[in-house]
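Examining the three-dimensional arrangement
The residues making up each chain are set out below.
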Amino acid sequence: MDMAVVGYIAYLLVAIPLTVWVARTLGTNGYHFIKDVFAGDEQLAHAVNRLLQVGFYLLNFGFVALWLRTADPVPDARGVFETVAVKIGAVLLVLGILHVINVVVLNGFRKRAHVDARTLAMMEPPQRPEPNGA
């Protein structure tokens, strides 16, 4: 069997479960953060969380597929490990970058929502006490 094919198989056997694990972990733990971003609206938070997960899968699986091919020949087992290590390292970097981008964008939404809520609270007229005995 061609050693490049062995490398492809090893790469896919690591990259696919890794992507699924990271997506599930981020989806499960990120839900509460997203819920806070959307001021406790659970339905919206759940919908946005699922959409982010689908986008994450599409971007990462697309990258994994495009990054599969290797131009250099893989002569032996050492070459397989080195090739797979470089490819998995790239996948991990992309996963990390996507995660940071998601957090930065959602945190921007969260900060803006909190500022808007404070501004709205400041704009409301003060409540007058009701007259006694009237």
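Residues numbered from 1 in each chain as written. Predicted model: local features only at pLDDT ≥ 70, side-chain atom pairs only at ≥ 80, totals over all residues. Heavy atoms only, no water.

The next point concerns the overall build of the protein chain. A tally of helices and strands in the protein chain yields three helices and zero strands. Going from the N terminus to the C terminus, the protein chain shows its helices and strands as α-α-α. The proportion of buried residues among the 134 residues of the protein chain is 24%. In the protein chain, once contacts between residues fewer than 6 apart in sequence are set aside, the share between residues at least 24 apart is 74%. In the form shown here, the protein chain has an accessible surface area of approximately 9,600 Å², with 67% of it arising from carbon and sulfur atoms. (Helix = DSSP H or I, 4+ residues; strand = E, 2+ residues; numbered from the N terminus. Buried < 20%, exposed > 50% of the residue type's maximum accessible area, 1.4 Å probe, protein only. Contact = heavy atoms within 4.5 Å. Areas by Shrake-Rupley, 256 points an atom, 1.4 Å probe, with all protein chains shown as cover.)

This part takes up helix α2 (residues 42-66). Taking 1.5 Å as the rise per residue, α2 with 25 residues should run 36 Å; its terminal C-alpha atoms sit 36 Å apart, in good agreement. Residues Ala45, Val48, Asn49, Gln53, Phe56, Asn60 and Val64 constitute the buried set of α2. Regarding α2, its N-cap is Asp41, as a side-chain oxygen of that residue lies 3.4 Å from the backbone nitrogen of Gln43 further along. (Expected span 1.5 Å × (residues − 1). Polar contact = N/O pair within 3.5 Å; in protein donor to acceptor, adjacent residues only side chain to side chain.)

A few words on the nonpolar core. Among the nonpolar cores identified, the biggest contains 15 residues, and Tyr11, Phe56 and Leu95 are the most heavily contacted of them. Breaking this core down by element, the ones donating at least two residues are α1 (3-37), α2 and α3 (77-123). Apart from the residues within four sequence positions on either side, Leu95 is in contact with Leu18, Val22, Phe56 and Asn60. Residues Tyr31, Val37, Val48 and Leu106 belong to the second largest nonpolar core, which totals six residues. (Core = buried A, V, L, I, M, F, W, Y, C linked by side-chain atoms within 4.5 Å.)

A word on the packing of α1 against α2. One can describe the packing of α1 onto α2 by two numbers: an axis separation of 9 Å at closest approach and a directional angle of 160°. The orientation of α1 relative to α2 falls into the category roughly antiparallel. Where α1 crosses over α2, the handedness of that crossing is right-handed. Here the contact of α1 with α2 is built from residues that sort into 18 nonpolar, six polar and three charged. (Axes fitted to C-alpha atoms, helices over the stretch in contact; angles between N-to-C directions. Parallel < 35°, antiparallel > 145°, perpendicular 65-115°, else oblique. Left-handed = near helix turned anticlockwise from the far one by under 90°. Nonpolar A, V, L, I, M, F, W, Y, C, P; charged D, E, K, R; others polar.)

Applying the stated criterion across every chain, the model contains two salt bridges. Here Arg78 makes a salt bridge to Glu82, at a shortest N to O gap of 2.8 Å. Of this pair, Arg78 and Glu82 both sit in helix α3, four residues apart, which is roughly one turn of the helix. Assessed through its relative accessible area of 43%, Glu82 is described here as partly exposed. (Salt bridge = Lys/Arg side-chain N within 4 Å of Asp/Glu carboxyl O.)

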